[in-house]
Amino acid sequence: MPMVTARRLFAGLAVAGAFVAATAPAAHAAPNLRVEAMGTLVAPDSSSPAYMFVGSDEGLTGTVTVTVDSSALDGAYVSVENSGWRCDTTTGALIHCELPAGEDSYGEILDYQVHGKGDAKPGDEGSITFTVEAGGAKAFGKTVVTVAEPSDLAVAETVTVPGLPGGVAHANQPLANIGQSTVEGTVLLLQPEYRTLYDGNFENCTSYAEYFAVCTFDEPLAPGTNYRLSEDLPFRVDKAARTGAVFHSFAVWLTEAEWALIEDAWITDDVDPKPGTGDPLRLEKVANSQRVPQVDVDGYNNFSSIDIKVGGDNRADLAAVGATAAGAAGATVAVQPSVKNLGPAALELLANEHIDPVIRITIPEGTTAVEASGDCAPYGAGDEWLDWEKLGTPGAKEYGCLAYELNPGDTWQYFFTLKIDKVVPDATGAITVKVDGDPNAANDTAAIVVNGTDAGGGTGGGDGGLPVTGPQATLIASLGALLVGGGVAGFVLFRRRRMRFIA
């Protein structure tokens, strides 16, 4: 997934307001069916997206039905619009929705909207009850909706700072309160790239391994006032970071009440906290112009990306490795071209941000790709990169392929099945790799040859694909979860349940 997409999805955390898996299935629920719902904060005369998840470790079958009962709400009401489900009404105290379970689906998400009434008072609470049926089983869920005072925090969309391999990059996070109310307390949630991990030791910041960090601030933020951190946030740049690479540490500012709702979804038993022991980090004013819950009514503008651009002279020499095959007309043959990182720097997963694909594969003349690698999509001049829905599509003459994270010495292989439509001696395609700063252009292209006249002219496809493990697997899994249903809800539920999602 290009990181610009990830950035938009992670930003949805703020857009969605506050949410948390609220209740376990009721005692009457079948053992393999569960319901989780998102608690919500909503301001008067405003709306907040919310999410309900139904899942089964054994898979969902048939039609999933959900009845949303909002009759116990006080100061708010519910609507369901453009959810992808078939719903009998868009608003009302009882909303009935249906959705055929997807093939091999282990979870489905219904996204809905909670609307605060104009006369609602901050602090008012109500509840929504869900009745779910699937595969002959029934389960129940319940969640709380709280009316909150509106607020509006805002930050610059991107903060870009330099960093050297093995060094420390420093970035501040200016913040403004552009709302009409004083924000009584804030939380900064950081999710850094694992090659540029948060490296601070502030008393009010806690690190959770390489996954994320949380900083809490007690300073009230006055309306119409700008602030900045009293010290820059430090990020340790990995020694293998590639010169020219840009690593994104995602950051979002939340009110205290918003963080209280989602905290349980982020802080789990499988990640040990490491509180800082140094001086506290503070919010300081920058020259410019009885507590109740508060909710940010415009979450789009309180999400930021701290972009660390790696300098120095640490390059990655990526070598294309070709493949050969032979067969008669009508036969199918397998080819596995690959890419090897000769170092000394690592290729980062974020290389897929390039406007053009880093890896391109052309199919040899006289053959048709009847099976395409699941990490490659048809590509041609002027095509948009990347269309995720077209990954693995057969029949194209040229493909753009995802560039995976490769440490020095690692190889990644792409798998294609070609049908030989007619025998063309020395039918030649190619695999080409192009990444900024590659010090050796001579090995950037290798041939894919079918029915070559020189028996020793191919490489056979390299040393095999590498499993997706470690931090790369963590990122891919998290991003996959983000794509489910409402996006951020899938991410939160993924963190809580560590289950397989297939939408």
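Just above sits the structure.
Residues numbered from 1 in each chain as written. Predicted model: local features only at pLDDT ≥ 70, side-chain atom pairs only at ≥ 80, totals over all residues. Heavy atoms only, no water.

1. Some points on the overall build of the chain
- Within the chain, the regular secondary structure consists of 4 helices and 38 strands.
- Per-residue burial over the chain gives 53% buried out of 503 residues.
- For the chain, the computed accessible surface area is about 20,900 Å², with 49% contributed by carbon and sulfur atoms. (Helix = DSSP H or I, 4+ residues; strand = E, 2+ residues; numbered from the N terminus. Buried < 20%, exposed > 50% of the residue type's maximum accessible area, 1.4 Å probe, protein only. Areas by Shrake-Rupley, 256 points an atom, 1.4 Å probe, with all protein chains shown as cover.)

2. Quick notes on the environment of Leu221
- Examined against the element boundaries, Leu221 turns out to sit in the loop between strand E19 (212-217) and strand E20 (225-229).
- Leaving out residues up to four positions away in the same chain, Leu221 has contacts with Leu153, Leu175, Asn177, Ser181, Thr182, Val183, Thr186, Tyr227 and Leu283. (Contact = heavy atoms within 4.5 Å.)

3. Details of the side chain of Asp317
- Note on placement: Asp317 falls in strand E27 (residues 316-321).
- It turns out Asp317 is buried and unbridged, and the closest side chain with the opposite charge, Lys340, is 11 Å from it.
- Setting aside chain neighbours within four positions, we find Asp317 in contact with Lys340, Asn341, Leu342, Gly343, Asp438, Pro439, Asn440 and Asn443. (Lys, Arg positive; Asp, Glu negative; His and termini not counted. Salt bridge = Lys/Arg side-chain N within 4 Å of Asp/Glu carboxyl O.)

4. Overview of the environment of Tyr404
- For Tyr404, the location among the structural elements is in the loop between strand E34 (398-401) and strand E35 (411-413).
- Considered as a pair, Tyr404 and Glu348 are 56 residues apart in the sequence and their alpha carbons are 7.1 Å apart.
- Looking at Tyr404, its side chain comes within polar contact range of the side chain of Asp375, at 3.1 Å. (Polar contact = N/O pair within 3.5 Å; in protein donor to acceptor, adjacent residues only side chain to side chain.)

5. A closer look at the pairing of strand E22 (residues 246-255)
- For E22, the tally of buried residues reaches 9 of 10 residues, placing the bulk of the element in the interior.
- Bridge count for strand E16 (residues 186-191) against E22 is 6 bridges, and the pairing is antiparallel. Within E22, the position partnered with Leu188 by the bridge is Trp253.
- Where E22 meets strand E26 (residues 303-310), 7 bridges bridge the pair, whose relative direction is antiparallel. The residue bridging His248 from the neighbouring strand is Asp307, located in E26. (Pairing = 2+ DSSP bridges.)

6. Points about the nonpolar core
- One finds Ile359, Ile361, Tyr399, Tyr414, Phe416 and Ile431 to be the most contacted residues of the largest nonpolar core, which totals 42 residues.
- Core analysis: the second largest hydrophobic core is formed by 32 residues, Ala171, Ala245, Trp253 and Leu283 among them. (Core = buried A, V, L, I, M, F, W, Y, C linked by side-chain atoms within 4.5 Å.)

7. Some thoughts on the sheet that holds strand E36 (residues 416-420)
- Strand order in this open sheet of 3 strands is E29-E36-E32, and the pairing throughout is antiparallel. The outermost strands of the open sheet, each flanked by one partner alone, are strand E29 (332-335) and strand E32 (367-371). Each neighbouring strand pair of the sheet contributes to a mean axis angle of 40°, computed without reference to strand direction.
- As judged from the 4 bridges shared by E29 and E36, these two strands associate in the antiparallel manner. Bridged to Ala334 within E36 is Thr417. (Axes fitted to C-alpha atoms, helices over the stretch in contact; angles between N-to-C directions.)

8. Some thoughts on the pattern of salt bridges
- Inspection of every chain in the model, using the stated rule, returns 11 salt bridges.
- Asp57 is the salt-bridge partner of Arg34, the closest N and O atoms lying 3.4 Å from each other. You can see Arg34 sitting in strand E1 (residues 34-37) and its partner Asp57 sitting in the loop between strand E3 (47-55) and strand E4 (63-69), a full 23 residues away along the chain.
- Among the residues examined, Asp57 registers a relative accessible area of 55% and is labelled exposed.
- As a salt-bridge pair, Arg228 and Asp232 come within 4.0 Å of each other at their nearest N and O atoms.
- Taking the relative accessible area as the measure of exposure, Arg228 reaches 36% and is therefore partly exposed.
- One network of salt bridges, with partners in common, ties together Arg195, Asp238 and Glu405.

9. Observations regarding the state of the cysteines
- All told, the structure shown has 3 disulfides when counted by the stated rule.
- Paired through a disulfide, Cys87 and Cys97 show a sulfur-sulfur distance of 2.1 Å. The disulfide joining Cys87 to Cys97 has a torsion of about 110° about its S-S bond and is therefore right-handed. Linking Cys87 in strand E6 (residues 86-87) with Cys97 in strand E7 (residues 94-100), this pair joins segments that are 10 residues apart in sequence.
- A residue is classified by how much of its surface remains accessible, and Cys97, at 0% relative accessible area, is buried.
- There is a disulfide in this structure between Cys205 and Cys215, and the S-S distance comes to 2.0 Å. Judged by the sign of its S-S torsion, about 115°, the bond between Cys205 and Cys215 is right-handed. One end of the pair, Cys205, is in strand E18 (residues 205-208); the other, Cys215, is in strand E19, and 10 residues separate them in sequence.
- Taking relative accessible area as the criterion, Cys215 reaches 0% and is therefore assigned buried. (Disulfide = S-S within 2.5 Å.)

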